[in-house]
Amino acid sequence: MTTTAQVQRPDIDEHRALLEDVGLFDRSERGKLSVTGDEAGEFLDSLLSNDVKSLAEGAGCYATLLTHKGRLLADVRVLRTAAEGIWLDSERPGLQALFDALTQFRIGYRAELHKQTLQRGLLSLIGPGSDRVVGAGLGAEEHANVGAAIGGVDVLAVRTDVGIDLICPSEETAELRSALEAGGAVPVGEATVECLRVEHGRPRFGIDMDETTMPQEAAINERAVSYTKGCYVGQETVARLYWKGKPNRHLRGLRLSAEAPPGAVLRLGETEVGVLGTVAVSPTLGPIALALVRRAAGPGDVLGVGEDGSVSATVTELPLAPGAPARPPTDGPG
């Protein structure tokens, strides 16, 4: 598991802005692609775990690219847009695998793949004041998207779980940022944004989940997997686990007695049950973390952290923060 090198220590005023008004964070480093053509939806449906073909214009979904054994290669936001065809963006650690799969399996489909990572900027508005700044009449559902203009810059506005993302031509990113700040958005740092993500219990690919992880283990299957669509890579394993099995690991929240480094070993008694993923010092909750822990360690259990166990971690359900969106159940029926 790849982990961040340091504990995320948010700025208190920035954190307050995210909870009470609106913060601004640049996510332009995310990997970005678009797929156009008459069979773009069918093509992506054959590769990704969610139902892409059925998306209406202006809607979207969260999906995964999996190995044949149902392990994650990338997690992907998918948007059916009016101007960009079908838009995809992902964490950078998953971009190469996503691009390679799209290139390899596109043969036979009327679909064209376009690189957009350098061509498009991506700015995130986070907080309850996001709609005030954008004023685009965006739908309330996550991934709803619509074209808009802000400060003379044409953007694709996208609803997120915490605000609105704005995708624009890369050469106009600075101009858009200035317009958003003039509208009241407060620039915030990565540590503050990461802290909010931990509070909400959303794992990040390359940090809290990786190529050894199955969607059910990371508690993303309810958002990212369709169990009624046609075949896709990894479907058999994921469906079998959903209908007949239980994951060996679960994504959990942890309340730490003190700061501890990402990657530190977690033990239940003498048994190693996982390692710390993202660690943050929340202004409201204190030291917290996300981690994939083995099923033996359930909510309420206290784990030792690190080699000497001097720091303890209490296992909790997600989300960690009161008022954050509730997590769906991890297990399937039965």
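For the structure, see preceding data.
Residues numbered from 1 in each chain as written. Predicted model: local features only at pLDDT ≥ 70, side-chain atom pairs only at ≥ 80, totals over all residues. Heavy atoms only, no water.

Enquirer: Account for the overall build of the protein, naming residues and giving values.
Expert: On a plain count of helices and strands, the protein comes out with eight helices and 18 strands. Taken along the three principal axes of its C-alpha coordinates, the protein extends 55 × 50 × 30 Å. When each of the 334 residues of the protein is scored for burial, the buried share is 55%. By element, 49% of the accessible surface of the protein is carried by carbon and sulfur atoms, the whole surface being about 14,000 Å². Each charge sign in the protein was given a centre, from 33 positive and 46 negative side chains, and these centres are 5 Å apart. (Helix = DSSP H or I, 4+ residues; strand = E, 2+ residues; numbered from the N terminus. Buried < 20%, exposed > 50% of the residue type's maximum accessible area, 1.4 Å probe, protein only. Areas by Shrake-Rupley, 256 points an atom, 1.4 Å probe, with all protein chains shown as cover. Lys, Arg positive; Asp, Glu negative; His and termini not counted. Charge placed at Lys NZ, Arg CZ, Asp CG, Glu CD.)

Enquirer: An account of the nonpolar core is needed here, citing residue identities and associated values.
Expert: Core analysis: the biggest nonpolar cluster contains 24 residues, and Leu44, Leu48, Val78, Leu88 and Leu102 have the highest contact counts within it. Of all the secondary-structure elements, those providing two or more residues to this core are β2 (31-36), α2 (40-45), β3 (60-66), β4 (72-80), β5 (86-90) and α3 (92-105). Not counting chain neighbours up to four residues away, the residues in contact with leucine 102 comprise Leu33, Phe43, Leu44, Leu47, Leu88 and Leu113. Core analysis: the next-biggest nonpolar cluster, separate from the first, contains 19 residues, Ala144, Ala148, Ala157 and Leu180 among them. (Core = buried A, V, L, I, M, F, W, Y, C linked by side-chain atoms within 4.5 Å. Contact = heavy atoms within 4.5 Å.)

Enquirer: Break down the pairing of strand β12 (residues 249-256) for me, citing the residues and quoting the values.
Expert: Within β12, seven of the eight residues are buried, which leaves the element mostly enclosed by the surrounding structure. One ladder, built from seven bridges, connects β12 with strand β16 (residues 286-294); its direction is antiparallel. Within β16, the position partnered with glycine 253 by the bridge is leucine 290. Note: β12 against strand β18 (residues 311-316), four bridges, orientation antiparallel. Bridging across to β18, glycine 253 finds its partner in threonine 316. (Pairing = 2+ DSSP bridges.)

Enquirer: Break down helix α1 (residues 12-20) for me, citing the residues and quoting the values.
Expert: Restricting attention to buried positions, one finds in α1 the residues Glu14, His15, Ala17 and Leu18. Along α1, the residues classed as buried sweep out an arc of 155° about the axis, all on the same side. The outward face of α1, more than 90 degrees from its buried face, is lined by the exposed residues Ile12, Asp13 and Glu20. On its buried face, α1 is in contact with β1 (23-26), β7 (120-126), β11 (186-187), α6 (190-200) and β15 (279-282). In this structure aspartate 11 caps α1, since a side-chain oxygen of it lies 3.0 Å from the backbone nitrogen of aspartate 13. (Arc of directions from axis to C-beta. Polar contact = N/O pair within 3.5 Å; in protein donor to acceptor, adjacent residues only side chain to side chain.)

Enquirer: Kindly report on the sheet that holds β3, identifying the contributing residues and their values.
Expert: Pairing within the open sheet is antiparallel, and its five strands lie in the order β3-β4-β5-β2-β6. The open sheet has two edge strands, β3 and β6 (112-115), and neither has a second partner. On average, adjacent strands in this sheet sit at an angle of 25° to one another, irrespective of strand direction. Direction of pairing for β4 relative to β5: antiparallel, over a ladder of five bridges. What sits directly across from valine 76, in β5, is serine 90. Strands in contact with α3 are β2, β3, β4, β5 and β6; relative to β2, the strand with the most contacts, it is inclined by about 25°. (Axes fitted to C-alpha atoms, helices over the stretch in contact; angles between N-to-C directions.)

Enquirer: I'd like a description of the sheet that holds strand β9 (residues 153-159), backed by residues and values.
Expert: Spatially, six strands are ordered β8-β9-β10-β7-β1-β11 in an open sheet, and the strand pairing comes out mixed. Whereas interior strands pair on both sides, the edge strands pair on one side only; in this sheet they are β8 (145-150) and β11. Two strands pair when backbone bridges link them, and β1 and β7 are joined in this way by four bridges, in the antiparallel orientation. The residue bridging glycine 23 from the neighbouring strand is isoleucine 126, located in β7.

Enquirer: Talk me through the side chain of serine 34; I want residue IDs and the actual numbers.
Expert: You can see serine 34 is positioned in strand β2. For serine 34, a relative accessible area of 2% gives the class buried. A distance of 3.0 Å separates polar atoms of two side chains, one belonging to serine 34 and the other to glutamine 116. Residues in contact with serine 34, not counting those within four places in the same chain, are Glu84, Ile86, Trp87, Glu112, Leu113, His114 and Gln116.

Enquirer: Give a detailed account of the packing of aromatic side chains, specifying residues and quantitative values.
Expert: Evaluation of the coordinates by the stated rule reveals three aromatic pairs. The interplanar angle of 15° and the centroid separation of 3.8 Å between the aromatic rings of tyrosine 227 and tyrosine 242 together place this pair among those described as stacked. Here the residue tyrosine 227 occupies a position in the loop between α7 (221-224) and α8 (235-244), and tyrosine 242 occupies one in helix α8, the gap between them amounting to 15 residues. You can call tyrosine 242 buried: its relative accessible area is 12%. The rings of Tyr227, Tyr242 and Trp243 are connected pair by pair, giving a single aromatic cluster. (Phe/Tyr/Trp six-rings, centres within 6.5 Å; stacked < 30°, edge-to-face > 60°.)

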